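Residue-level structure breakdown
Listed below, chain by chain, are the residues.
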Amino acid sequence: MTKTEVIKRAEAASRRSRLAGWRAAVAAGMSLAIVDAGVRAMAAGREVPGRAYNRAMGLEPDPNLLPQLIEFFGQAGSQGWAELDESTALKVGFNPSAIAAADRSGLFAAEPARVSPGADVPGVTIREVFADEVGRWVEGAIAADSPGPSRDAWLRRIGPHLLGTPEQAGRRLFAAEVAREFVGVGALFSHGRIGWLTAGAVRPDFRRRGIQRALIGSRATAAARAGCTHVASDALIGEGSDRNLVHAGLAQIATRIVIPVPLRGELRPRA
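To keep things clear, this report deals only with the structure shown in the data block. Owing to the predicted nature of the structure, the values given are computational and were not obtained by experimental measurement.

1. Some thoughts on the packing of aromatic side chains
- In total, this model carries 1 aromatic pair according to the counting rule given.
- Ring centres 5.1 Å apart and planes at 75° place the aromatic pair phenylalanine 72 and phenylalanine 73 in the edge-to-face group. Side by side, phenylalanine 72 and phenylalanine 73 carry an identical accessibility label, which is buried.
- Sitting over the ring of phenylalanine 182, arginine 136 keeps its end group 4.0 Å from the ring centre.
- Positioned above the aromatic ring of tryptophan 154, the side-chain terminus of arginine 157 is 4.0 Å from the ring centre.

2. Quick notes on the environment of glycine 227
- Within the secondary structure layout, glycine 227 lies in the loop between helix 7 (211-225) and strand 10 (230-236).
- A relative accessible area of 33% means that glycine 227 is categorised as partly exposed.
- Considering only alpha carbons, one finds glycine 227 and alanine 119, 108 residues apart in sequence, at a separation of 24 Å.

3. Comments concerning the pairing of strand 11 (residues 251-260)
- Both strand 4 (residues 81-84) and strand 11 contribute to a ladder of 4 bridges, which runs antiparallel. Bridge pairing links alanine 82 to isoleucine 259 in strand 11.
- Summarising the sheet, strand 5 (residues 103-110) and strand 11 pair through 7 bridges and their orientation is antiparallel. Looking at the pairing, arginine 104 lines up with isoleucine 257 of strand 11.

4. So, the packing of helix 5 (residues 134-144) against helix 6 (residues 149-158)
- Following both chains from N to C, one finds helix 5 and helix 6 inclined at 160°, their axes separated by 9 Å at the closest point. In terms of axis orientation, helix 5 runs roughly antiparallel to helix 6. In the packing of helix 5 onto helix 6, the handedness of the crossing is right-handed. Two secondary-structure elements touch here, helix 5 through Val138, Glu139, Ala141 and Ile142 and helix 6 through Asp152, Leu155 and Arg156.
- By residue class, the composition of the contact of helix 5 with helix 6 is 4 nonpolar, no polar and 3 charged.

5. A short note on helix 1 (residues 3-27)
- The end-to-end C-alpha distance of helix 1 is 36 Å, a good match for the 36 Å that 25 residues give at a rise of 1.5 Å each.
- Looking at the residues trailing helix 1, positive phi occurs at glycine 29, about 110°.

6. Side note on the nonpolar core
- Core analysis: the largest hydrophobic core is formed by 30 residues, its most contacted members being Trp22, Met30, Tyr53, Trp137, Ile158 and Leu173.
- The set of elements that each furnish at least two residues to this core consists of helix 1, strand 2 (40-44), helix 5, helix 6, strand 7 (171-178) and strand 8 (181-191).
- Considering every element that reaches this core, the biggest residue donor is helix 5, with 6 residues.
- Once residues within four sequence positions are removed from consideration, leucine 173 is found in contact with Arg127, Glu128, Val129, Val134, Trp137, Leu163, Gly186 and Ala187.
- Counting 25 residues, the second-largest nonpolar core is a separate cluster that includes Val121, Ala222, Cys228 and Leu250.

7. Section: the sheet that holds strand 1 (residues 33-37)
- Judged by pairing direction, the sheet is mixed, and its 11 strands sit side by side in the order 1-2-3-4-11-5-10-9-8-7-6 without closing on themselves. The outermost strands of the open sheet, each flanked by one partner alone, are strand 1 and strand 6 (125-129). The average angle at which neighbouring strand axes cross in this sheet is 20°, direction not considered.
- As paired elements, strand 3 (residues 55-57) and strand 4 share 2 bridges and run parallel to each other. Within strand 4, the residue paired with arginine 55 across the bridge is tryptophan 81.
- Taken strand by strand, helix 7 contacts strand 6, strand 7, strand 8, strand 9 (194-202) and strand 10, and its axis lies near 155° from that of strand 9.
- Together, strand 5 and strand 10 form the strand contacts of helix 8 (residues 241-248), whose direction differs from that of strand 10 by roughly 155°.

Rules used in this analysis
Numbering of residues starts from 1 in every chain and runs along the sequence as written. Only residues with pLDDT of at least 70 are given local features in this predicted model, and only at 80 or more are side-chain atom pairs given and counted; all residues enter the totals for whole chains, interfaces and linings. The side-chain values count all of the structure's non-hydrogen atoms but skip hydrogen atoms and water molecules. Two aromatic rings, drawn from Phe, Tyr or Trp (for Trp, its six-membered ring), form a pair once their centres lie within 6.5 Å of each other, and the interplanar angle then sorts them: stacked below 30 degrees, edge-to-face above 60, tilted otherwise. Burial status follows relative accessibility: with a 1.4 Å probe on protein chains alone, a residue under 20% of its type maximum counts as buried, one over 50% as exposed, and anything between as partly exposed. A ring is scored as having a charge over it whenever the NZ atom of a lysine or the CZ atom of an arginine sits within 6 Å of its centre and within 35 degrees of its normal. Here a strand is any run of E in DSSP of at least two residues, a helix any run of H or I of at least four, and the numbering for each starts at the N terminus. Pairs of strands are assigned from DSSP output, requiring at least two bridges between the strands. Fitted lines through C-alpha atoms give the axes, limited to the stretch in contact for helices. The angle between two N-to-C directions lies from 0 to 180 degrees. Angles below 35 degrees are treated as roughly parallel, those above 145 as roughly antiparallel, those between 65 and 115 as roughly perpendicular, and all remaining angles as oblique. In this scheme the handedness of a crossing depends on how the near helix is turned from the far one: anticlockwise by less than a right angle means left-handed, clockwise means right-handed. What makes two residues a contact is simply this: any of their non-hydrogen atoms within 4.5 Å. Residue polarity is assigned by list, with Asp, Glu, Lys and Arg as charged and Ala, Val, Leu, Ile, Met, Phe, Trp, Tyr, Cys and Pro as nonpolar; anything else, Gly included, falls into the polar class. Any helix carries an expected span of 1.5 Å times its number of residues minus one. Only buried residues count toward a nonpolar core. Its members are Ala, Val, Leu, Ile, Met, Phe, Trp, Tyr and Cys residues joined through side-chain atoms within 4.5 Å.

Function cannot be inferred from these measures alone, as they are strictly geometric.
The structure is reproduced here in structure tokens:
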């Protein structure tokens, strides 16, 4: 598989993973506008501000794209973010200074055999988590990386909808367990023979012990057994998770920016 094909399939797996997460939120009662238009996927809603539920992905050059994004998020009354490559952002009219200031997200991928299984961590068991323990997994995720009280409350409501339905069939949950406590979590979403690694987090008092590497390795092994030719993930550049992926054996194959969509009235007509 060529690098271009890996990028294409990895981004498709990322979109399907996001769409499944948004639909789980809707099943839990969140009010979200969702667009699933093949390559393009978008969600917008005011109940949980931030990038997780106000995002547009799979964006290709189109002279009308930026006004469409402004209208989509404007109708929802929320601040939105667009994930796209820098050249596309310039072509569709994003402000160059906003592009320069935007966060950079790396796309990482590798064949599962090239991913390090990670060293055994004394006292830690990495295992798959099934529907009867999703509540524990959610509490482990909150303890590892709480996004705030409002998001925590929604995550608890969403938990029962993460597994067990056709829309969520691609998702599997994993945890690092110590003395019956989940001290680290991760998820694997399989689509198009790509194992998409997401939701990886380790509780602060258990960091720097190799648990994150072990979670990456365990999910890569599970992806290979499920028939995936590659595992892939994304991470903001310079925030630590990117280094964990590289150290585990994944290579950065693309970079995308994550840029705020201007609010209504902020778009200046082109000269």
